[in-house]
Amino acid sequence: MDTSIILAGVGDAFTLYNLLFVVCGVALGQFVGAVPGLSAPMAIAIAVPFTFTLSPLAAIAFLVGVGKGGTVGGAIPAVLINTPGSPEAAATALDGAPLARQGKPLKAMKMALYASVTGDTMSDIVLIVAAPPLAILALRMGPVEVACLMIFSLTIIAGLVGDSTAKGVMAAAFGIVCASVGLDPEHGSPRLTFGFFELDDGLPLPAVAIGVLAVAQILIQLSRRGAATEAAIVVDANQPAADKRVSFAEYWACRTTMLRGGAIGTVVGAIPGIGASAAAFLSYSIARRSDPDPQSFGKGNIKGVAASEAANSAVMGANLIPLLTLGVPGNVVAALIIGAFVIQGIQPGPLLFQEQGRLIYGLFGAMMMANVMNLCIGLFGLRLWSFVVKAPASVIFPTALILCMTGVYLTTGGIFGVALMFAFAVIGYLMRAFGFSVVAFIIAFVLGRPLELSLAQALIVTQGEVGRLADHPVGLALLALSLLSVYWLGLRKPKGIKAERTGAAPYQPAP
Amino acid sequence: MTHPAATPAERLDHRGPGPKLPARGSLLNRALGLVIALLGTTLILGIIPAQAEDIGRGALSPRDFPIFAAGVMVVFGLVQAIYPTGENRYDLTEMGRAALVVGAGLLTLLLMTRFGYIAAAPALAAALMLFAGERRPLWLAVGVVAMPGVIWTLFEVVLRRPLP
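None of the values given here were measured: they were computed from a predicted structure.

Cut-off values and rules
Numbering of residues begins from 1 in every chain and follows the order in which that chain's sequence is written. As a convention, the first chain written is A and the first ligand written is 1, with the rest following in written order. Residues qualify for local features only when their pLDDT is at least 70, as the model is predicted, and side-chain atom pairs are given and counted only at 80 or more; totals for whole chains, interfaces and linings, by contrast, use all residues. The side-chain figures draw on all heavy atoms in the structure; neither hydrogens nor water molecules are used. Segments assigned H or I by DSSP are reported as helices when at least four residues long, segments assigned E as strands when at least two residues long, and all are numbered from the N terminus. Here's how the labels work: a residue is buried when its accessible area is under 20% of the maximum for its type, exposed when over 50%, partly exposed in between, all with a 1.4 Å probe on protein chains only. Should any heavy atoms of two residues lie within 4.5 Å, those residues are considered in contact. Accessible areas in this description were obtained via Shrake-Rupley with a 1.4 Å probe; residue shielding takes into account the shown protein chains only. Accessible area that two parts lose when put together, evaluated with a 1.4 Å probe and summed over both, is termed the buried area. Any Lys or Arg side-chain nitrogen located within 4 Å of an Asp or Glu carboxyl oxygen qualifies as a salt bridge. The definition of a polar contact used here is a pair of N or O atoms within 3.5 Å, where within protein one atom must be able to donate a hydrogen and the other to accept one, and adjacent residues in sequence count solely through side-chain atom pairs. Expected span, for any helix, means 1.5 Å times one less than how many residues it has. We define the bend at any residue as the angle between the axes fitted to the seven residues before and including it, ending there, and the seven starting there. In this description, a line fitted to the C-alpha atoms serves as the axis of each element, helices being fitted only across the stretch in contact, and the angle between N-to-C directions of two axes falls anywhere from 0 to 180 degrees. Should an angle fall under 35 degrees it is taken as roughly parallel, and over 145 as roughly antiparallel, whereas 65 to 115 is taken as roughly perpendicular and any remaining angle as oblique. The sense of a crossing depends on the near helix, which, turned anticlockwise from the far helix by less than a right angle, makes the crossing left-handed and, turned clockwise, makes it right-handed. Three residue categories are used. Nonpolar comprises Ala, Val, Leu, Ile, Met, Phe, Trp, Tyr, Cys and Pro, charged comprises Asp, Glu, Lys and Arg, and polar comprises the others, including Gly. Patches draw on residues past 30% relative accessible area with no salt bridge. Two like charges within 9 Å are joined, as are two nonpolar side chains (Val, Leu, Ile, Met, Phe, Trp, Tyr) within 5 Å. A score from 0 to 100, pLDDT tells how confident the predictor is in each residue.

Enquirer: So what exactly am I meant to see when it comes to the overall build of chain A here?
Expert: For chain A, the count of helices and strands is 21 helices and two strands. Burial status across chain A gives 64% buried among its 511 residues. Restricting to contacts in chain A with at least 6 residues of sequence separation, those with at least 24 account for 80%. Accessible surface, chain A: about 16800 Å² in total, of which carbon and sulfur atoms supply 68%.

Enquirer: Looking at this model, I keep getting lost on the overall build of chain B. Mind explaining?
Expert: Helices and strands together make up the secondary structure of chain B, namely six helices and zero strands. Long-range pairs, those at least 24 residues apart, make up 55% of the contacts in chain B with a sequence separation of at least 6. For chain B, the accessible area works out to roughly 8500 Å², and carbon and sulfur atoms hold 70% of it.

Enquirer: I would appreciate a short explanation of the interface of chain A and chain B in the present structure.
Expert: For interface size, the figure often reported is the accessible area lost on association. Residue-level contacts link 80 residues of chain A with 81 residues of chain B. Taken together, both faces of the contact between chain A and chain B bury some 6700 Å²; the carbon and sulfur share is 75%. The tally of links between chain A and chain B comes to zero salt bridges. For the pair chain A and chain B, the interface holds 14 residue pairs in polar contact (both at pLDDT 80 or more). Listed by contribution, the elements that provide at least two residues to the side of chain A that touches chain B are helix H5 (90-101), helix H8 (165-179), strand E2 (190-191), helix H9 (205-223), helix H18 (393-412), helix H19 (415-433) and helix H20 (438-462) of chain A.

Enquirer: It is not clear to me how the pattern of salt bridges should be interpreted in this structure. Could you clarify?
Expert: All names here are of chain A. This model, assessed by the stated rule, comprises nine salt bridges over all chains. A salt bridge links Asp 124 to Lys 68, with the shortest nitrogen-to-oxygen separation between them at 2.7 Å. Linking Asp 124 in helix H6 (residues 105-139) with Lys 68 in helix H4 (residues 56-81), this pair joins segments that are 56 residues apart in sequence. Accessibility classification places Asp 124 together with Lys 68 in one group, the buried group. Across the pair Lys 107 and Glu 250 runs a salt bridge, and its minimum N-O distance is 2.6 Å.

Enquirer: Explanation requested: helix H2 (residues 26-51) of chain B in the structure shown.
Expert: For an α-helix the count is 3.6 residues per turn, leaving residues at separations of three or four pointing the same way. Taking 1.5 Å of rise per residue, the 26 residues of H2 of chain B would be expected to cover 38 Å, and the 35 Å separating its terminal C-alpha atoms lies within 8% of that figure. The largest bend in H2 of chain B comes to about 50°, at Leu 43 of chain B. Where H2 of chain B is concerned, the buried positions are Asn 29, Leu 32, Gly 33, Ile 36, Ala 37, Gly 40, Leu 43 and Ile 48 of chain B. Each element contacted by the buried residues of H2 of chain B is listed here: H8 of chain A together with helix H3 (64-82) of chain B.

Enquirer: Is there a simple way to explain the packing of H9 of chain A against H19 of chain A in this structure?
Expert: A pair of packed helices is characterised by two quantities: the angle between their axes and the separation of those axes. Residues and elements named next belong to chain A. Packing of H9 against H19 leaves a shortest axis separation of 7 Å and a crossing angle of 60°. By the angle between their axes, H9 is oblique relative to H19. Viewed along their axes, H9 and H19 form a crossing whose handedness is right-handed. Mapping the contact onto sequence places Ala 207, Val 208, Ile 210, Gly 211, Val 212, Leu 213, Val 215, Ala 216, Gln 217, Leu 219, Ile 220 and Ser 223 in H9 and Gly 417, Leu 420, Met 421, Phe 422, Phe 424, Ala 425, Gly 428, Tyr 429 and Arg 432 in H19.

Enquirer: Even after reading the chapter, I still don't get the packing of H8 of chain A against H20 of chain A, so can you show me in this structure?
Expert: Residue and element names in this part refer to chain A. The geometry of H8 relative to H20 is characterised by a closest axis approach of 7 Å and an angle of 40° between their N-to-C directions. For the element pair H8 and H20, the recorded crossing hand is right-handed. Two secondary-structure elements touch here, H8 through Gly 168, Ala 171, Ala 172, Phe 174, Gly 175, Ile 176, Cys 178 and Ala 179 and H20 through Ala 440, Phe 441, Ala 444, Phe 445, Gly 448 and Arg 449. For the contact of H8 with H20, a count of residues per class yields ten nonpolar, three polar and one charged.

Enquirer: What is the right way to look at unusual backbone geometry in this model?
Expert: For residues that are not glycine, phi is negative in most cases, and the peptide bond is trans in most cases. Residue and element names in this part refer to chain A. Non-glycine residue Leu 192 carries a positive phi angle of around 55°. Within the element layout of this structure, Leu 192 appears in the loop between E2 and H9. Under the relative-accessibility criterion, Leu 192 is labelled buried at 4%. Even without being glycine, Phe 194 reaches a positive phi, approximately 50°. Relative to the assigned elements, Phe 194 resides in the loop between E2 and H9.

Enquirer: Would you take a moment to explain a nonpolar patch on the surface for this structure?
Expert: Residue and element names in this part refer to chain B. Together, Leu 34, Val 75, Leu 78, Val 79, Ile 82 and Tyr 83 make up an exposed nonpolar region whose accessible area comes to about 590 Å². For the nonpolar patch, the element with the most residues is H3, which contributes four residues. If you trace the backbone, Val 75 turns up in helix H3.

Enquirer: Looking at this structure, I do not really get the confidence of the model for chain A. What am I missing?
Expert: Residue and element names in this part refer to chain A. Taken residue by residue, chain A gives an average pLDDT of 81. The fraction at 70 or more is 87%. Mean pLDDT values for the elements of chain A range from 72 in helix H10 (residues 241-244) up to 94 in H19. Long-range and interchain partners of residues 229-233, a stretch whose pLDDT sits below 50, account for 14 contacts in this model, where long-range means more than four residues apart. The low-confidence segment residues 496-511, where pLDDT is below 50, has 73 contacts with residues more than four positions distant or belonging to other chains.

Enquirer: Could you clarify how one ought to interpret the side chain of Ser 223 of chain A in this entry?
Expert: Residues and elements named next belong to chain A. Along the chain, Ser 223 turns up in helix H9. Ser 223 sits in the buried class, given a relative accessible area of 0%. A distance of 3.0 Å separates a polar side-chain atom of Ser 223 from the backbone oxygen of Ile 220.

Enquirer: For this particular structure, what's the right way to read the environment of Lys 167 of chain A?
Expert: The topology assignment puts Lys 167 of chain A in helix H8. The class for Lys 167 of chain A is buried, based on a relative accessible area of 0%. As a C-alpha pair, Lys 167 of chain A and Asn 374 of chain A span 207 residues in sequence and 38 Å in three-dimensional space. If near-sequence neighbours (up to four positions away) are discounted, Lys 167 of chain A is found in contact with Phe 434, Gly 435 and Phe 436 of chain A together with Asn 29, Leu 32, Gln 80, Thr 85, Gly 86, Glu 87 and Asn 88 of chain B. A polar contact is formed between the side chain of Lys 167 of chain A and the side chain of Asn 88 of chain B, at a distance of 2.9 Å.

Shown next as C-alpha cells:
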C-alpha cells in the first residue's frame, strides 16, 4: 500500500474532531463498564445508530473507544464491590476485591488500568502488523472459498452456544430465519415480510441488536425488585501513599505476567468465538501456576489483577483481525461494529484495505490514541467512576431505555423500528430466561444473509457438484477447519471457554 | 449491593449482579424443545410457503435457506425434548414486571405519535422510575426532566435530527 495513504490515514486519527470522539468513546466505555448491569456491548449497541451522523472514522473510532474503555471500566466494580461490571472482569475480582478489602482499592484499580493498557497496546500492534498481509491472502479467494469461509465463521457459534448445545443451535437457527426476512439476495423476491414494505431490506440490525442485547437487559434490571445499587466501599482518604499507587518496581515485577496475558489475549481474540472471559481466566490460571507463591493468589496478589486485565483487554484489538481481513465477526462487539460499517456504506472484508486504506490506517491510529486516552482518562477518572458504581439503577435504566428508543427511531426512520425493537427485547428476555444463547442468535443473524449469498454463488460456480470442491483446496481446508472447530469448541467443551459460554448471559456479549 | 456468599463469577447469572435465581428442571426443557420443534414445523409447512416464492431457476430458491434453518430448529427441538439440557432461570413475578415495562414502552410509542417526544419521554421516565421504587425528588427531577431534556437537546438542537 502507498505510504502516503498510511500516513494520511494515521494523520486523520489525530485531527481534533476524531480525537474528540475517541475521548468521548473511551469515557463512555469506562462509565458503562463501571456500572454493574451496563456493559460495553450494550453501550455500543445503543451508540451504533447515532454514529451514522458522523464521519466513518469518527464513528468506528468512537465505538472501538467504547469497547476499550468498557474493559477498563469493568474492573472498577470488580475491585470495589467484588461484582464485575462486565463478565471478562470476573477474574480481576479474584484478587482485586481482596486488595480492596485490605485498604488498597486504588492500587488494585491502577494496576488493572496499567495492565489493561499494556495488553491492549500489544494486541493493537499485532493487529496493525498482521492484518494487511492476511487481507491480501483473503483477496485471492473466489466464491467457493468465501462460502466455505462463511460456513467456518458460522461454526464459531459452536463456541458460543452455552451449556446446552441443542439450545445454542436452535438460537442460531432462529437467527438465520430472522436474517431471511426481506428480499432474497439471489432473486430479489420478498420473503417473510408479511406485507410490511418496511421489511423489504430485512430486519434492521439496530432494532434487533438493541432489542436483544440492550433493551432485554434493561427489562431484566427494571423487573428486579430492590435492584437499586447501594454504596460500595469507602476509600479512606488518609491511607498511606504506597497503598494508593503502583510503583514502577511493582509494575516492572508484573512485566512477565502482563506480557504473557497480552499474548494469551491476542491469540484468543484473533480466534473467533472464544472471547475475553476465557482469555482472562486462562491468563490468571497460568500466572497462578507459574508463580513461586501460588497460595497468595485469590488473597490479594497484584499479579492476579495484572494477568486478568492484560489478557481481557488484549482481546479487543485482536478481535478486529478476522473482522478487517475476512469480514467475520468474532464476537458481539465485532458484529455491532460491522453494523456501524454497513451504516456508513462500507462492507468489511479483505477489500477494505484496498478500497478504504486511509480509513483503516486512521482506525489503527485512533486505536493507539484510544489506549493513551484510556490511561489518561482512567487515571483521572478512577475516583469519579468509583462514585458511578453507586449511581441509582432507577435513573440509569429508564434513561438507557429512552436512548435506545431514540437511537432506533433515528436509524430505522420511524416508529415501526422501535416496535420491532420491543418485540426483539421480549425475545431476548425469554431467551435469557430459558437459557438460549443470545450471542449465537446475533452472530447467526449477522452472518445469515452473506452466507446465503456466497452459498448461492458457490453453487453456481461448482454447478452443484460436490466433486468440484476438489478444485478448491483452500475451500476444502476451510471446511475441514469448520469440522475441527465444531469438535473443539462444541463437542469437546474445553474448560477454558466454559465460563464464556454461559452464554445466555446478557452481559456476556463479550466473547 | 454485595452478596458475600457468591463468587464474582456466580454473580454473573443472566440477570447481572445479585443473587442467582434457582435453576428449573428438565420437564420445562423438554417442553421448550417441543415448542421450538413445533415452531419450526409451522415455519416449514405454513409460514414459509405462504411468505416466500418457490422459484425453480437459480442456485437457491428463496424458500431453501429459511426452510433449512427451520429444519434445524425441528431436529434440535426434538433432540432437546428427548435429551433435555441447559438451565432455565426465571421468576414469574419478574416476568410480569418486565411485561409491564414493555407495555409502558409501547404506550409511550403511541403517545409519541400523538403528543411528540418531548411529552412522552418524560412520562415514560417518570413511570419507570416510580415503578423501580425511586421516590427521592432530586433523582426524580434528574431522570424525568434533565435526562430526556439533554437527549432531546442533543438530537433536535445539536445534531438536527428530528424526533417525533
